[in-house]
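# Close look at the chain arrangement
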Amino acid sequence: MNGYEINLHHLTKAYGSHLVLQDINLTIQAGESVALVGKSGCGKSTLLRLISGLTSKTQGHIIVGGQEVCAVNPEIRFLFQNARLLPWKTVLENVILGSPDRNQDTARRVLQEVGLQGREDAWPGDLSGGQQQRVALARALIGRPRVLLLDEPLSALDALTRLHMQRLIERLWQELGFTLVLVTHDVSEAVYLADRVVLIEDGHIQMNQPIELGRPHRKGPETIQYEKHILDGIMKSQKKIV
């Protein structure tokens, strides 16, 4: 499976007179991992929703896999900050909801991929926060998406669980080949997971920084330098806005 290329051309989104995103131009290569960073309310999550088709654009074009995005596409999956599991359905039943053919064998295989084999009959309420997000990830992956959009799905997890989830996401991205777009406030997480970090401020792209390191991006002097450069960019762009 190969990921889809994403092309955004002069993309603008407004709610009434309030411009959330203005004249965004960005290309994300097929199979690339890109992190979107910036302060709360800068338009990161709105950009994900536009790519997914959950929100309609005001102007411009969103091309995913060579096709204009006009509605929700089953080959583009979205993982939210909250796992959004149905509490009255088991883990297996929640995962099957993401499957086009409702195949139990496929659901069991995907649960094994995310390390939840043996928990198929558990209830969401009996799972930890990290396990719930693994279920949500399995539900997103069961349809073998070409694009996976992550909107801060790890932000509520403890540090150790978050690290395990980061490594899981990286491994599945490398194995399955989908295009990954991640929204995060954590610059370290962005540098760890992404091939490129895009800073959005005041509805505009202020930085488009490649992370030119071999995989995996383990913590060290080079990653720290990238983190510092991105944090400096965030501080400078916020000063300009003020």
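You'll find the structure just up there.
Overview of the structure. Sequence order as written defines the numbering, with residues in each chain counted from 1. Under the rules for a predicted model, residues below a pLDDT of 70 receive no local features and side-chain atom pairs below 80 are neither given nor counted, while totals for whole chains, interfaces and linings still include all residues. Working from all heavy atoms in the structure, the side-chain values ignore hydrogens and water.

### Focus: the sheet that holds strand E8 (residues 179–183)
- Paired strands are those between which DSSP finds at least two bridges. Put simply, DSSP H or I for four residues or longer makes a helix, DSSP E for two residues or longer makes a strand, and each gets a number counted from the N terminus. Within the open sheet, the 6 strands sit side by side as E6-E7-E8-E3-E9-E10. Their pairing is mixed. The sheet terminates laterally at strand E6 (76–79) and strand E10 (204–210), the two strands that pair on one side only. Across the sheet, the mean angle separating the axes of adjacent strands is 15° when strand polarity is ignored.
- Two residues qualify as a contact provided that any one of their heavy atoms is within 4.5 Å of a heavy atom in the partner residue. All axes are obtained by fitting lines to C-alpha atoms, using only the stretch in contact for helices, and the reported angles, taken between N-to-C directions, cover 0 to 180 degrees. On the sheet, helix H1 (residues 44–52) packs against strand E3 (33–37), E6, strand E7 (147–151), E8 and strand E9 (196–201) and is oriented at approximately 155° with respect to E7.

### Quick notes on the pattern of salt bridges
- The salt bridge definition used is simple: a Lys or Arg side-chain nitrogen within 4 Å of an Asp or Glu carboxyl oxygen. By the definition in use, this model includes 12 salt bridges.
- Notably, a salt bridge pairs Glu32 with Arg196, separated by 2.9 Å at the nearest N-O pair. With Glu32 in the loop between strand E2 (18–28) and E3 and Arg196 in strand E9, this residue pair connects regions lying 164 residues apart in the sequence.
- A salt bridge links Asp232 to Lys228, with the nearest nitrogen and oxygen atoms 3.2 Å apart.

### Brief notes about the packing of helix H4 (residues 129–141) against helix H5 (residues 159–176)
- Two elements in contact, H4 and H5, have axes separated by 11 Å at closest approach and are oriented at 15°. When the interaxial angle is binned, H4 and H5 end up roughly parallel. For the crossing formed where H4 meets H5, the hand is right-handed. Within the contact between the two elements, H4 uses Gly130, Gln133, Arg134, Leu137 and Leu141 and H5 uses Thr161, His164, Met165, Leu168, Ile169, Leu172 and Leu176.
- In the contact of H4 with H5, the residues fall into 7 nonpolar, 4 polar and 1 charged. Angle categories: roughly parallel below 35 degrees, roughly antiparallel above 145, roughly perpendicular from 65 to 115, and oblique for all the rest. We call a crossing left-handed when the near helix sits turned anticlockwise from the far one by less than a right angle, and right-handed when that turn is clockwise. Side-chain classes are defined by residue name, with Ala, Val, Leu, Ile, Met, Phe, Trp, Tyr, Cys and Pro counting as nonpolar, Asp, Glu, Lys and Arg as charged, and the others, Gly among them, as polar.

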